[in-house]
Amino acid sequence: MEQSFPKQIQRLQEEIIKLKEKEDIFLMAHYYQRPEIQAIADVLGDSLGLSRIAQQKAKSDIIIFAGVTFMAETASILNPNKTVYIPDKAAKCPMAAMCPAKAVQSLKAQYDLPVVLYVNTLAEAKAHADIMCTSANAVEICRSLNSDSIIFGPDWNLGWHVNWKSGLEIIPVPEHGYCYVHKKFEVEDFLKLKKQYPKALITVHPECNPEVQKMADHVGSTAGIKKFIKNSDASDFIIGTEIGLGFAIHQETAGQKRLHFARDDAICQAMKCITLEKIREILIKFPKENVIKVPEEIANAARKGIVKMLELS
Ligand code: 13P
Ligand code: SF4
């Protein structure tokens, strides 16, 4: 379903498309980006999909990453010879900052166990992990390590999800890392909508609290939620994730599915600080201060765990 944007936005979109074609620039965007950005991105995806695309298909020498800084860092780590720009360096996932490298190092010293870190981490922390995971492959990655216990972080709820699905013991790092957007969802939010739409299926992200995951018909990454809705025969869905995902689902299902987001305040401020105006600014000025570059030693150490994850999933 084509969404039409106001004239002023359309003009900005056309200008960006022309500029990026002229300069051969690859625009990558996460599903939580503003609809007007998703609509003109060269690729759209969840964290796993975007890492894979950054590794295999980012043909241009310059990438503009419309997402949060850890995602742009991952793209840069996987493409050390390309220049990766983020339209606003303030687009930082607060959960990534909850897991300093020191916390990982000290748990590693305490336990002789594999360390799995969610990609939502700083590159310095990634450098101390054995392997990375995303919300799409966390269970599969943890299972692959042949260990009954795993040091896992920073999202406590995703760690709970891994334990729920695999029975593996999770040693969390930090103690209680969380995503403030997904933590907002409460069972009541879903029950209220379920009364209104009794036939609706509930689908939620694994960063939601355990009680919310347990009551859902499906738990998955953003791409997983989209796929579940697309492939289901049901018409109504109650969704527990950031509201930006609605745009991509409507596009892919030609508006045939009715989406009911469980909370309309499930908005990630870091994702939303990227705007069309800021993307245009990059395409005109290519400001050095917007380049994402991880120091070589850290990038080399972090790359091992990211590549291992991509090989396994
Ligand atoms: P995905 O792994 O589903 O893309 O989610 C990333 C994220 O930041 C969730 O809050
Ligand atoms: Fe981070 Fe949550 Fe935003 Fe995802 S939605 S980027 S985990 S704050």
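Residues numbered from 1 in each chain as written. Chains lettered and ligands numbered in written order. Predicted model: local features only at pLDDT ≥ 70, side-chain atom pairs only at ≥ 80, totals over all residues. Heavy atoms only, no water.

Would you mind going over the packing of helix 4 (residues 69–78) against helix 15 (residues 296–312) with me for this structure?
The angle between the axes and the distance between the axes are what describe a pair of packed helices. Where helix 4 contacts helix 15, the two axes come as close as 9 Å, and the packing angle between them is 95°. As judged from the angle between their axes, helix 4 and helix 15 are roughly perpendicular. Residues Thr74, Ile77 and Leu78 of helix 4 lie in contact with helix 15, whose contacting residues are Ala299, Ala302, Arg303, Ile306, Val307 and Leu310. Considering only residue class, the contact of helix 4 with helix 15 consists of seven nonpolar, one polar and one charged. (Axes fitted to C-alpha atoms, helices over the stretch in contact; angles between N-to-C directions. Helix = DSSP H or I, 4+ residues; strand = E, 2+ residues; numbered from the N terminus. Parallel < 35°, antiparallel > 145°, perpendicular 65-115°, else oblique. Contact = heavy atoms within 4.5 Å. Nonpolar A, V, L, I, M, F, W, Y, C, P; charged D, E, K, R; others polar.)

In this structure, what is going on with the sheet that holds strand 8 (residues 169–172)? I would like to understand it.
As a general point, the strands of a sheet are linked pairwise by backbone hydrogen bonds and lie either parallel or antiparallel. Here four strands make up an open sheet; going across it, the order is 6-5-7-8 and the pairing parallel. Sheet topology places strand 6 (131–133) and strand 8 at the edges, where each strand pairs with a single neighbour. Between one strand and the next, the sheet's axes are offset by a mean angle of 35°, whatever the strand orientation. Both strand 7 (residues 149–153) and strand 8 contribute to a ladder of four bridges, which runs parallel. Considered in strand 8, the bridge of isoleucine 150 is made with isoleucine 170. Running over the sheet, helix 5 (residues 101–110) touches strand 5 (115–118), strand 7 and strand 8 and is turned about 160° from strand 5. (Pairing = 2+ DSSP bridges.)

Please explain the sheet that holds strand 9 (residues 201–204) as it appears in this structure.
Overall, parallel pairing links the four strands, which are arranged 10-9-11-12 in an open sheet. In this open sheet, the two edge strands, each paired with only one partner strand, are strand 10 (218–219) and strand 12 (258–261). As paired strands, strand 9 and strand 11 (residues 236–240) are joined by four bridges and run parallel to one another. From the neighbouring strand, valine 204 faces strand 11, where its bridge partner is glycine 240. Set on the sheet, helix 9 (residues 187–196) makes contact with strand 9, strand 11 and strand 12; between it and strand 11 the angle comes to about 170°. Across the sheet, helix 12 (residues 245–252) lies against strand 11 and strand 12, angled at about 170° from strand 12, the strand it touches most.

Could you clarify how one ought to interpret the side chain of glutamate 73 in this entry?
Tracing the backbone shows glutamate 73 in helix 4. We note that glutamate 73 is buried and unpaired, the nearest opposite charge coming from lysine 126 at a distance of 5.1 Å. Each residue touching glutamate 73, except ones within four places of it in the same chain, is listed here: Thr121, Leu122, Ala123, Ile292 and Val294. (Buried < 20%, exposed > 50% of the residue type's maximum accessible area, 1.4 Å probe, protein only. Lys, Arg positive; Asp, Glu negative; His and termini not counted. Salt bridge = Lys/Arg side-chain N within 4 Å of Asp/Glu carboxyl O.)

Looking at this model, I keep getting lost on empty space enclosed by the protein. Mind explaining?
Empty space left among the atoms is revealed by rolling a probe the size of a water molecule over them. This model, assessed by the stated rule, comprises two cavities of 30 Å³ or more. For the largest cavity, the calculated volume is near 240 Å³. The residue makeup of the lining of the largest cavity, split by class, is 15 nonpolar, seven polar and one charged. Here the second largest cavity defines a volume of roughly 70 Å³. Around the second largest cavity, the lining residues are Ser47, Leu50, Ser51, Ala54, Phe65, Phe70, Met71, Thr74, Ala75 and Val119. When the residues that make up the lining of the second largest cavity are grouped by side-chain class, the tally is seven nonpolar, three polar and no charged. (1 Å grid on protein atoms, 1.4 Å probe; cavity = no way out; pocket = protein on both sides within 12 Å on 5 of 7 lines; lining within 4 Å. Points joined across faces, edges and corners; volume = space filled by probe spheres on them.)

On their own, these measurements won't tell you what the molecule is for.
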